[in-house]
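# Notes for the structure review
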Amino acid sequence: MISFELSDEQRLLEQSVREWGSREIAPHIRDADRQHRFDRERVLGGMAALGLLGISVPQEYGGAGMDYICLGLASEELEYVDTSLRVIMSVHAGLNCLSLLSWGTEDQKQRYLVPQAQGRKIAGYGLTEPGAGSDARAIQTTAAKNGDRYVLNGEKSWISLADVADSFIVIAWTDAEKKKQRDPGGLSAFIVERTFKGFSSGPMKEKWGILAGNTGWFKMDGVEVPEENLIGRAGEGFKIAMFALDQGRFTVAAGATGLIRACRDASVKYARERHAFGVEIGQHQLVKEMIAQMESDYQSARLLWLRSGWMKNNGQRNTRETGLAKWFATVASERAAGDAVQIHGANGYSDEYPVGRFYRNCKGAVIYEGTREIHKLMQADYLLGYRTDRPTRCELPAYKQEVKSQH
Ligand SMILES: Cc1cc2nc3c(=O)[nH]c(=O)nc-3n(C[C@H](O)[C@H](O)[C@H](O)COP(=O)(O)OP(=O)(O)OC[C@H]3O[C@@H](n4cnc5c(N)ncnc54)[C@H](O)[C@@H]3O)c2cc1C
């Protein structure tokens, strides 16, 4: 049975995130972006109050117990205002919390997931390194076992919330021989806290997009991590890293969909206001073409992420569908942002209008959580039979409706 209706809970959530974004964030976002300022209290405080930081985490672990469609709706609404907000959903709520929910021990859930879902702690995800992005097996970070601890050495770069998050899921080699052979069975995943001795972080100084967000690097210089912080089993790090991306990509897809809508709405408004050759520019066919494309892209992108959210709700594997949704939405958002600037003419080339910010912000999502090229290859490989998804030991729990307690 297919239903295109949102439930009351989903509609209410969508509405409250939309209202909060336009009331609390939109009036300040241009300045925050121009000043490269992450408004920690305003943004994280507001998101926590709305229950967004643990949106799809069951209530027993401190979350709001909402379904995965709500996670997507929140991501779409947040990126409608600014990409920096949605990035928090991707790394904290998506990559990190949902991985701990699925792969974490009960002790890890109590110590990390509960405060994260309640919004008392913020969490990130560290896979990328200066010499390794798409090629995750090329990472150099190592975790050597020493008694009841692992000693981590290495550097992660281009990490969202690097200077903000309290802890990170970190992927590192625990098997030196497998590292030499590039065998992903030698990778493991850890929870690393910022307060652990030997941990340091800093910002990516020359970044030119998502400027109201925090992106940086962190280094681990002999960081001792207790073995209780190993996620899953030793050797499952690659699987956990890829599992996490299934959740993060979903939020990226939904977020990019929101960015297309923001471009569409700004373009429609401007096309009705601006005149050229004696008519509103919306009367020119070539402007109509760009606006029509935005609508087509928006509606298609939304259907794709909704389908993958529906699959998550039903406990179905969705790596392929989520990858397609992410690839389509991010590429379409780049097209929409480029055309939105075009429709705004020279005004689009200034920060007086938001479309320039959309244009700078959209590009990141065509790069992170699988570049456009990697997603293209994945989709082709599924079709050609070169790639299939085998079940993993831990899966994302299907959505279970809960009686909601008052936030
Ligand atoms: C704003 C931002 C936030 C980020 N946040 C995080 C984060 O929180 N955590 C994290 O771990 N990482 C994060 N990243 C890093 C991101 O995941 C990587 O940038 C991404 O995986 C691509 O890796 P790379 O930049 O090293 O590019 P590379 O892998 O070096 O790729 C360079 C180019 O080569 C192409 N290419 C590579 N391999 C192939 C191939 N086999 N076939 C065809 N083309 C190929 C790529 O598509 C790309 O066009 C973030 C990045 C950005 C920009």
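This structure is a prediction, so every number in the text was calculated from the model and none was measured. (Residues numbered from 1 in each chain as written. Predicted model: local features only at pLDDT ≥ 70, side-chain atom pairs only at ≥ 80, totals over all residues.)

### Here we look at helix 1 (residues 8–34)
Residue pairs spaced three or four apart in an α-helix point in one direction, given the helix's 3.6 residues per turn. Taking 1.5 Å of rise per residue, 27 residues should cover 39 Å, and helix 1 covers 37 Å from first to last C-alpha, within 8% of that figure. A bend of about 55 degrees at Ile-25 is the largest found in helix 1, and the proline Pro-27 appears one to four places after it. Those residues of helix 1 lying buried are Leu-13, Val-17, Trp-20, Gly-21, Ile-25, Ile-29 and Asp-33. For helix 1, the secondary structure elements touched by its buried residues are helix 2 (40–49), helix 3 (68–81), helix 4 (83–103) and helix 11 (355–367). (Helix = DSSP H or I, 4+ residues; strand = E, 2+ residues; numbered from the N terminus. Expected span 1.5 Å × (residues − 1). Bend = angle between axes of the 7 residues up to and from the residue. Buried ≥ 20, exposed ≤ 12 C-beta atoms within 10 Å, placed from the backbone. Contact = placed C-beta atoms within 7 Å.)

### Here we look at the packing of helix 9 (residues 319–343) against helix 11
Relative to each other, helix 9 and helix 11 sit at 160 degrees, their axes nearing to 8 Å. Judged by the angle between their axes, helix 9 and helix 11 are roughly antiparallel. At the point where helix 9 passes helix 11, the crossing takes the left-handed sense. Within the contact between the two elements, helix 9 uses Thr-330, Val-331, Ser-333, Glu-334, Ala-337, Gly-338, Ala-340 and Val-341 and helix 11 uses Val-355, Gly-356, Phe-358, Tyr-359, Cys-362, Lys-363, Ala-365 and Val-366. Among the residues forming the contact of helix 9 with helix 11, the class breakdown is 10 nonpolar, four polar and two charged. (Axes fitted to C-alpha atoms, helices over the stretch in contact; angles between N-to-C directions. Parallel < 35°, antiparallel > 145°, perpendicular 65-115°, else oblique. Left-handed = near helix turned anticlockwise from the far one by under 90°. Nonpolar A, V, L, I, M, F, W, Y, C, P; charged D, E, K, R; others polar.)

### Some thoughts on the site of the ligand
Looking at the ligand, there are 21 residues lining it, with Thr-128, Gly-133, Ser-134, Thr-371 and Glu-373 nearest. Contributions of two or more residues to the shell around the ligand are made by strand 1 (123–126), strand 3 (149–160), helix 11 and helix 12 (372–384). Its residues assigned to classes, the shell around the ligand shows 10 nonpolar, nine polar and two charged. Here the shell around the ligand spans two domains, and each of domain 2 (124–238) and domain 3 (245–384) adds at least three residues to it. (Near = placed C-beta within 6 Å. Domains from an automatic or database assignment.)

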